[in-house]
Amino acid sequence: MTRSRKRKLQRLHGRPSATRMLAASVPTLLAGMSAYAQTTSGGLEEIVVTAQKRTEDLQSVPLSIQAFSTQRLQDLNIQRFDDYVRFMPSVSYQTLGPGFAAVYMRGVASGGDGNHSGSLPSVGIYLDEQPITTIQGALDVHLYDIQRVEALAGPQGTLYGASSQAGTLRIITNRPDVSAFDASYGLEVNSVDGGGIGYLAEGMVNLPINDRTAVRLVGWHRHDAGYIDNVNRERTFPTSGITVNNARFVEDNYNEADTTGARAALRLDLNDNWTITPQVMTQKQESNGSWAYDELVGEGKLAHNRPETSDDRWVQAALTVEGKVANLDLVYAGSYLKRDVDTESDYSDYSYWYDTLYGYGAYWYDDNYDLIDPSQYIQGKDRYNRYTHELRISSDANQRFRFVGGLFYQRQEHDIQQRYKIDNLGAQISVTGWEDTIWLTKQLRVDKDFAVFGEFTFDFTDQLSGTIGARYFDSDNSLKGFFGYSDGYNGNPAYGEGYCNSLPVPPNTFNGAPCKVFDKTTTEDGVTPRVNLTYKVTDEAMVYATYSEGFRPGGINRRGTLPPYQADWLTNYELGWKTTWFDNRLRFNGAVFSQEWDDFQFSLLGANGLTEINNAGAAQIDGIEMDVSWAVTDQLGISAGLAWLDSELTENYCGFVDTSGKPETRPDCPSVDEDGNPTTADPEARKGTPLPVTPEWKANATVRYEFPVATFDSYVQGSVVYSDERRTDLRDLENSIIGNMPSYTVADIAAGFGKDDWRLELFVTNVFDELAQVSRFAQCAETVCGSEVYVVPQRPRTIGLKFSQEF
């Protein structure tokens, strides 16, 4: 081979609990381990993780963790976010394109997150020690020269904070190494079935300067080929009779992306106890076209007549200081993240369907009051600035009593600009100072968090240990600015220019907008606890029980006239096991859990197509997750993972909150009839409705066989990923309009050979060209635009050739 393979349970309402079903069976299984253990040569590679803010072997950590080592990342040719989440059974996601993924874990998903003024994410994503989660989507970091990727399932609120309510993903880069020179590069070309040609060039070099200093430099450029065609179509708007044609935007393989980035890190060992590691990482991702097709037009096709682009640029500067004070380990981790995203989006479906149903086209005219083409498009500018600081201290991990604790602070500013435009719009109905703009959102959002955290572990015996931890948090969310129409179009004094002009004193502008319509802040504090008991059955097996809580702060709605949405909480009860069999040839880990999700935040498209967030009541999620790795022989390896989730509402969702701000959950929802008289209505989602986005079953398996051919080291590999059917929306009516995402099975194959320091590989992803749906959506409210549904698919069958070399 070319390298070594190194909250309450009684709320179950009679449902079978995964925790109760398997709690008794796990100890019985583990007790028989010694009888089956055998001594063989070889074995699985040891995987070291830092999930508990310490360096530990994966098998000794009483958490449900899935970790991909450097070797496994290379074996699976993982380059981007959607590559690795396919192989993580507990993780699901939605996306509209590169850099805009909303991530969920263990079924904690209500759907609809990811708007620029939406809920904070429920899954935290970290690059090394620093969080890189932003509201619209996590950074789509190109994965090269990565030490490992860790997925920590379940609430991680004690050590990782508010955005780790349901879990945490961690990307750990390779650090500079003072011991030896190292370098590598890779070149790839690929062809997408029915699409274009993609390519990749990446490389790294590790340069020791002396025995205490080293530099590591990494760079990459990747071109993702398109496979969605923008085809010609004429549309006639009923009100004006104007016919529009998208001929100038027609293009095959319309969706393409180019990703260019670099990373530079310095390691400086001040002495034997203190190390400083500054690092800068930057990436630019330019995307053209839409990554979704229109089912009304045809599979793999759409017909848009306005620009669609994304320019996502970010830079992160990080500093890690590690040292010892007496017998304590001290770590400071700080970072600054700047992300600028410019987007253009076609919004013409909104115009067409509102005109068809409500005569929308009669409202839009030019300076001469002649009706114009009402096709809308959106120009967005999002500017993020995020500062994080963490100071952490920990005791010797080998002591009977040990602890880790620290302080955390972060501040994220998000400057939001959204222009909804119609070309040639009359100045009299455009927002003042913003040509052709019918609606303007110009807002500033600030999220601040302060926390004190700690975990204490005590070994009662050589086999039994207990951990108790807590995190005190104080969060602050503010949103201020302008939103609305011009006074010439809509003089509503509640928002927009109608509000500005209703003020007794002429208002000041706000960041170029006519005025500041609202300025709101919400604050919260509390404690998230974690309690764990771990029992070592043998040296090769342990079982653990965990109680933990996760928290996600509330916030201010984008439409400032709406009340704030409240925090939601996740309570987790979990039993897990970590086992190694047959002299480290078989590793079998898993967990069963029951989670209660209270007052969970739910996003929907409200009036004018604006995202609104309210609290939707409560849900329960029971589940099982397992993964296995088996070195069958020194040449044959098998790995697999599986997750089963049973997630459903435990209360009705009426679609609004009561006078106290709590979600209305009565069996018959209060309403009014067409004459304004009090009456009742059916809930928008009834108790027992499954939560959206996450499948009931998700599984994967990989088989790899390595063998010599003459003087070459060769391999063949196959993998398969299965996902069950998923709802697209919590609400029954909207889900029936948009439809479920069907189940899918995607297979990949690869083969390669190499010698000494190089290898050549041929791969085919999505071998059978399965139409695997990642997202389904409409451009505006489902009851209006639901006749035109868009589907974001996984990449079609792709054949590629890759050459790599190490020095």
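Reading the values: the criteria
- Residues numbered from 1 in each chain as written.
- Predicted model: local features only at pLDDT ≥ 70, side-chain atom pairs only at ≥ 80, totals over all residues.
- Heavy atoms only, no water.
- Helix = DSSP H or I, 4+ residues; strand = E, 2+ residues; numbered from the N terminus.
- Rg over C-alpha atoms; globule rule 2.2 N^0.38 Å.
- Buried < 20%, exposed > 50% of the residue type's maximum accessible area, 1.4 Å probe, protein only.
- Disulfide = S-S within 2.5 Å.
- Phe/Tyr/Trp six-rings, centres within 6.5 Å; stacked < 30°, edge-to-face > 60°.
- Lys NZ or Arg CZ within 6 Å of the ring centre and 35° of its normal.
- Salt bridge = Lys/Arg side-chain N within 4 Å of Asp/Glu carboxyl O.
- Pairing = 2+ DSSP bridges.
- Contact = heavy atoms within 4.5 Å.

Attention now moves to the overall build of the protein. Within the protein, the secondary structure is distributed over nine helices and 42 strands. Taking 2.2 N^0.38 as the reference for a compact globule, 807 residues should give roughly 28 Å; the C-alpha atoms of the protein span a radius of gyration of 27 Å, in line with that estimate. In terms of overall dimensions, the protein has a C-alpha envelope of 85 × 60 × 50 Å along the principal axes. Burial status across the protein gives 58% buried among its 807 residues.

Below, the discussion takes up the state of the cysteines. Using the criterion set out here, one finds two disulfides in the structure. Residue Cys500 pairs covalently with Cys515 via a disulfide, S to S 2.0 Å. Between Cys500 and Cys515 the disulfide shows an S-S torsion of about -80°. By sign, it is left-handed. In this pair, Cys500 sits in helix α7 (residues 496-502) while Cys515 sits in the loop between α7 and β26 (518-538), placing the two residues 15 residues apart along the sequence.

Scanning the entire structure with this criterion turns up 43 aromatic pairs. Between Tyr227 and Trp291 the ring centres are 6.0 Å apart and the planes differ by 75°, which places this aromatic pair in the edge-to-face class. On the criterion of sequence distance, the pair formed by Tyr227 in the loop between β12 (213-224) and β13 (229-230) and Trp291 in the loop between β17 (275-288) and β18 (293-294) is long-range, its members being 64 residues apart. With respect to burial, Tyr227 and Trp291 carry one shared label: buried. Both rings, one in Phe483 and one in Tyr495, keep their centres 5.6 Å apart while their planes meet at 5°; by these two values the pair is stacked. With Phe483 in strand β25 (residues 464-484) and Tyr495 in the loop between β25 and α7, the pair connects residues that are 12 residues apart, well separated along the chain. In this structure, Arg235 packs its charged tip against the face of Tyr352, placed 4.4 Å from the ring centre. Its end group placed over the ring of Tyr715, Arg704 keeps NZ or CZ at 3.8 Å from the ring centre.

The next thing to look at is the pattern of salt bridges. Side-chain pairing between opposite charges can occur once the charged atoms of the two side chains come close. Within the structure shown, the criterion is met by 50 salt bridges. Residue Asp75 is joined to Arg704 by a salt bridge in which the shortest nitrogen-to-oxygen separation is 3.5 Å. One end of the pair, Asp75, is in helix α4 (residues 70-75); the other, Arg704, is in strand β36 (residues 697-709), and 629 residues separate them in sequence. Here Asp75 and Arg704 have matching classes, each one buried. Residues Lys802 and Glu202 are paired through a salt bridge, measuring 3.2 Å at the closest nitrogen-oxygen approach. Here Glu202 lies in strand β11 (residues 197-210) and Lys802 lies in strand β42 (residues 798-806), a separation of 600 residues in the sequence. Glu202 matches Lys802 in its accessibility class, with the two residues each being buried. Sharing partners across several salt bridges, the network here consists of Lys284, Glu286, Asp311, Arg313, Lys338, Asp340, Asp342, Lys381 and Arg383.

Okay, the pairing of β36 next. Consecutive side chains of a regular strand alternate in pointing toward one face of the sheet and then the other. Here strand β33 (residues 636-649) pairs with β36 via nine bridges, running antiparallel. Looking at the pairing, Leu636 lines up with Tyr705 of β36. Examined bridge by bridge, β36 and strand β37 (residues 712-723) share 12 bridges and lie antiparallel to one another. Pairing of Phe707 across the sheet is with Ser714, part of β37. Joining the antiparallel neighbours β36 and β37 is a turn of two residues, in which Ala710 adopts a positive phi near 55°.

Although it is not a glycine, Lys53 sits at a positive phi angle of roughly 65°. Checked against the element boundaries, Lys53 lands in the loop between β1 (48-49) and β2 (56-57). The class for Lys53 is buried, based on a relative accessible area of 8%. Notably, Asp599 is not glycine yet its phi reads approximately 50°, a positive angle. Relative to the elements of secondary structure, Asp599 occurs in the loop between β29 (586-598) and β30 (601-605). Owing to a relative accessible area of 19%, Asp599 belongs among the buried residues under this scheme.

Below, the discussion takes up helix α6 (residues 348-358). Across the 11 residues that make up α6, a large majority, eight, are buried. For α6, the set of buried residues is Ser348, Asp349, Tyr350, Ser351, Tyr352, Trp353, Tyr354 and Asp355. Buried residues in α6 make contact with β14 (234-236), β21 (328-346), α9 (782-785) and β41 (790-793). One or two residues past the end of α6 sits Gly359, with phi positive at roughly 70°.

If you trace the backbone, Tyr126 turns up in strand β6 (residues 123-127). Owing to a relative accessible area of 5%, Tyr126 belongs among the buried residues under this scheme. When the C-alpha atoms of Tyr126 and Leu169 are compared, they prove to be 6.2 Å apart, with 43 residues separating the residues in sequence. In this view, Tyr126 contacts Pro131, Ile132, Tyr160, Ser164, Thr168, Leu169, Arg170 and Ile171; residues no more than four positions away in its chain are not counted.

Strand order across the open sheet formed by five strands is β3-β8-β9-β6-β7, with mixed pairing between neighbours. A strand with exactly one partner marks an edge of an open sheet, and here the two such strands are β3 (65-69) and β7 (130-131).

Read from one edge of the open sheet, three strands run β18-β41-β40, paired in antiparallel fashion. In the strand order of this sheet, the two ends are held by β18 and β40 (773-777), each with one partner. Pairing analysis gives four bridges linking β40 to β41, with the strands arranged antiparallel. Looking at β41, one finds that Ser775 is bridged to Val792.

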